[in-house]
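Structure assessment
Here's the letter readout for the chains.
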Amino acid sequence: MVRVEPMWIEGYPFTAVQVDLPKTTLLVIANSVGYAMCGALDVQLLRTKLRDRNVVAMRATGVRTLEELLAASVDSQTQAAEELGIHAGMPMREALAALGRAAQNG
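Below is a short write-up of the structure. Remember, it's a predicted structure, so these values are computed and weren't measured experimentally.

1. Some thoughts on the pairing of strand S4 (residues 34-37)
Note: strand S3 (residues 24-30) against S4, three bridges, orientation antiparallel. Bridge pairing in S4 places Ile29 opposite Ala36. Between the antiparallel neighbours S3 and S4 lie three residues. Bridge count between S4 and strand S5 (residues 56-59): four bridges; the pairing is parallel. For Met37, the partnering residue across the bridge sits in S5 and is Arg59.

The structure is reproduced here in structure tokens:
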């Protein structure tokens, strides 16, 4: 099953996607600037081999629903996310609000 829905965080629009896969669930909350994802996101790959793409992304581990992803803390993030002030330990909702501000400011 795939669930796609609009989501508003601190007044900023996002798209939330939940994909139920065998023995796991893929979770993504994204806007035009970047995205937050479940533990399936390979942040290390984005930080090293794909660094030149300048992807703004962060992940939370141990989450099974979109609601849990929103309630989690950032586990790891890309360098591009760090440039927006996003860091490990930050509440995910706060990190997503930073993406919302970045999208609004162009």
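2. Comments concerning the nonpolar core
Formed by 27 residues in total, the largest nonpolar core has its most connected members in Met7, Phe14, Ile29, Met58, Ile86, Met92 and Leu96. Contributions of two or more residues to this core are made by strand S1 (2-9), strand S2 (12-21), S3, S5, helix H2 (66-71), helix H3 (79-82) and helix H4 (92-104). Among the elements that make up this core, the one with the highest residue count is H4 (five residues). Leaving out residues up to four positions away in the same chain, Met92 has contacts with Ala36, Met58, Arg59, Ala60, Leu69, Leu70, Ala72, Ser73 and Val74.

3. Overview of the pattern of salt bridges
Pairing of side chains with opposite charge becomes possible as their charged atoms draw close. Inspection of the entire model under this criterion finds four salt bridges. Among the salt bridges present, the one from Glu67 reaches Arg3, with a minimum N-O distance of 3.2 Å. Placement of Glu67 in helix H2 and of Arg3 in strand S1 is noted, with a sequence separation of 64 residues between them. For Glu67, a relative accessible area of 45% corresponds to the partly exposed category. Residue class for Arg3 comes out partly exposed when judged on its relative accessible area of 27%. The shortest N-O distance in the salt bridge between Glu82 and Arg47 comes to 3.0 Å. Placement of Glu82 in helix H3 and of Arg47 in helix H1 (residues 43-47) is noted, with a sequence separation of 35 residues between them. Overall, the relative accessible area of 35% leaves Glu82 in the partly exposed class. Within the structure, one salt-bridge network assembled from shared partners comprises Arg3, Glu5 and Glu67.

Conventions adopted
- Residues numbered from 1 in each chain as written.
- Predicted model: local features only at pLDDT ≥ 70, side-chain atom pairs only at ≥ 80, totals over all residues.
- Heavy atoms only, no water.
- Pairing = 2+ DSSP bridges.
- Helix = DSSP H or I, 4+ residues; strand = E, 2+ residues; numbered from the N terminus.
- Core = buried A, V, L, I, M, F, W, Y, C linked by side-chain atoms within 4.5 Å.
- Buried < 20%, exposed > 50% of the residue type's maximum accessible area, 1.4 Å probe, protein only.
- Contact = heavy atoms within 4.5 Å.
- Salt bridge = Lys/Arg side-chain N within 4 Å of Asp/Glu carboxyl O.

So far we have only geometry, and geometry alone does not tell us how the molecule works.
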